[in-house]
Amino acid sequence: PHVEDDSIILDIMCGSGAISNALAQISDVFASDAQFFCRLLAKIQGAGFNEKKALETLNELYIYYTYNLRSLQDECKNQLEIEKEVFHMDMNNPDLVFEKYKEYIEKVELYSSTESTSKKIMEKIQIRKINNNLFPYCLFTYYFSNVYFGLEQCMQIDSIRYAIDTIQDEEVKNWVLGVLVVTVSAIASNHAGHFAQPKRVDEKSISEVIEKRKKSAWLEFSKRLLSVAAESERYSYNINIVDGPWKNALKQVDNLESSNLIVYLDAPYKRDEYSRYYHVLETVALYEQKEKEFEDFDL
């Protein structure tokens with residue numbers, strides 16, 4: 001009842017963007033959140049994209065995607081071959097598959113700031129903490145392989161992220177990056193959609209975990225980009241994103257030319273800081289190697 005022809009709505013703590021999605025059917029929307037990945041999720045739930053643009057973008061991305069992927073595949077050739085062997089084992093004997101997979105993942109070295117690890121990996125990550133844009137992109141490969149995703153999945157995620165950073169149009173980049181966030185969430189081996197801890201791999205869960213980790217991140221990303229683009233064509237209004245947290249968002253919307261600004265507030269229901277449960281999604285969005293300090297946002 002508050003919406004008029006010139007109304008602008010600010011969804012000031014947008015979370016997953018569900019409310020922004022509903023509001024985009026009746027008026028222009030500005031979505032904000034302290035987390036960048038949340039703003040991206042809201043962005044891709046309104047108007048502003050189409051299937052033709054999605055296909056063009058996929059074709060352009062694929063060149064850079066394969067360039068980064070080949071570099072990582074060359075470096076981890078032996079590990080990839082073992083992973084593929086395990087993924088094609090007979091799942092009628094889960095105990096044997098689990099033992100083989102366990103033996104494999106214990107040999108794959110990952111970056112650690114507290115334990116001794118490969119000097120080569122340590123050096124790569126340290127220089128990327130200074131410069132995030134060095135080739136090849138390898139953050140997920142060295143942080144999350146066999147933790148939340150398979151090794152090849154991580155290489156594909158890194159390579160998609162590398163390709164996305166070649167996009168010059170910031171609007172298109174946000175759309176594509178938002179779809180990557182959705183893809184990473186969908187293919188992860190985790191609990192109830194969050195990343196508080198990885199899913200435990202044992203004899204009971206091995207079939208489910210391998211089924212997830214066999215999925216191609218590129219294929220899942222491509223399908224979702226086309227699907228989101230088709231859905232976007234149904235909407236009349238865009239969802240624009242505004243940097244958070246909320247105090248910053250309010251300052252920015254002060255400059256909007258509208259006589260009827262409506263603020264929708266769905267605040268956190270308790271003071272616990274749980275954004276860390278989604279750190280993997282924020283990591284793929286920001287793609288920063290440095291450790292992030294989580295702020296205690298004043299409500």
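What comes next concerns the included structure. (Residues numbered from 1 in each chain as written. Predicted model: local features only at pLDDT ≥ 70, side-chain atom pairs only at ≥ 80, totals over all residues. Heavy atoms only, no water.)

**Things to note about the overall build of the protein**
Thought 1: A count of helical and extended segments in the protein gives 13 helices and six strands.
Thought 2: In terms of overall dimensions, the protein is globule-like: its C-alpha atoms have a radius of gyration of 21 Å, near the 19 Å expected for 299 residues.
Thought 3: Across the 299 residues in the protein, those meeting the buried criterion constitute 45%.
Thought 4: Across the protein, contacts joining residues at least 24 apart in sequence account for 74% of those joining residues at least 6 apart.
Thought 5: When the 34 basic and 48 acidic side-chain charges of the protein are each reduced to a single mean position, those positions are 5 Å apart. (Helix = DSSP H or I, 4+ residues; strand = E, 2+ residues; numbered from the N terminus. Rg over C-alpha atoms; globule rule 2.2 N^0.38 Å. Buried < 20%, exposed > 50% of the residue type's maximum accessible area, 1.4 Å probe, protein only. Contact = heavy atoms within 4.5 Å. Lys, Arg positive; Asp, Glu negative; His and termini not counted. Charge placed at Lys NZ, Arg CZ, Asp CG, Glu CD.)

**Looking at the side chain of N260**
Thought 1: Within the element layout of this structure, N260 appears in the loop between α12 (246-253) and β6 (261-264).
Thought 2: A distance of 2.4 Å separates a polar atom in the side chain of N260 from a polar atom in the side chain of S7.
Thought 3: Setting aside anything within four residues of it in sequence, one finds N260 in contact with H2, V3, E4, D6, S7 and I8. (Polar contact = N/O pair within 3.5 Å; in protein donor to acceptor, adjacent residues only side chain to side chain.)

**Focus: the nonpolar core**
Thought 1: In terms of nonpolar packing, the biggest core is built from 77 residues, with F140, F149, V184 and F221 touching the most fellow members.
Thought 2: Membership of the second largest hydrophobic core comes to eight residues, among which are I8, M13, F30 and V242. (Core = buried A, V, L, I, M, F, W, Y, C linked by side-chain atoms within 4.5 Å.)

**Here we look at unusual backbone geometry**
Where the residue is not glycine, phi is negative for most of them; where a peptide bond is considered, it is trans in most cases.
Thought 1: A cis amide bond links F135 with the next residue in sequence, P136, at an omega value of -5°.
Thought 2: Inspection of the secondary structure assignment puts P136 in the loop between α6 (119-130) and α7 (139-143).
Thought 3: The linkage connecting G244 with the following residue, P245, adopts the cis geometry, with an omega of 0°.
Thought 4: Structurally, P245 can be placed in the loop between β5 (239-243) and α12.
Thought 5: The phi dihedral of Y287 is positive, around 50°, even though this residue is not glycine.
Thought 6: Tracing the backbone through its elements, the reader meets Y287 in the segment after α13 (279-286).
Thought 7: Looking at Y287, the relative accessible area reads 2%, which means it is buried.

**Let's talk about the pairing of strand β2 (residues 28-33)**
Thought 1: Within β2, five of the six residues are buried, which leaves it mostly tucked inside the rest of the structure.
Thought 2: One ladder, built from four bridges, connects strand β1 (residues 8-11) with β2; its direction is parallel. Directly across from L10, in β2, lies its bridge partner F30.
Thought 3: Each parallel crossover has a hand, and the one from β1 via helix α1 (residues 18-23) to β2 is right-handed. (Pairing = 2+ DSSP bridges. Right-handed = clockwise from strand over helix to strand, strands pointing away.)

**So, the side chain of T183**
Thought 1: Within the secondary structure layout, T183 lies in helix α9 (residues 170-187).
Thought 2: Apart from the residues lying within four places of it in its own chain, the contact partners of T183 are A217, E220, F221 and R224.

**Digging into the sheet that holds β2**
Thought 1: With parallel pairing, the four strands of this open sheet are ordered in space as β5-β2-β1-β6. What marks the edges here is a single partner per strand, and that holds for β5 and β6. Pairs of neighbouring strands in the sheet enclose a mean axial angle of 25°, with direction left out of account.
Thought 2: Sitting on the sheet, α12 is in contact with β1, β2, β5 and β6, with an inclination near 120° to β5. (Axes fitted to C-alpha atoms, helices over the stretch in contact; angles between N-to-C directions.)

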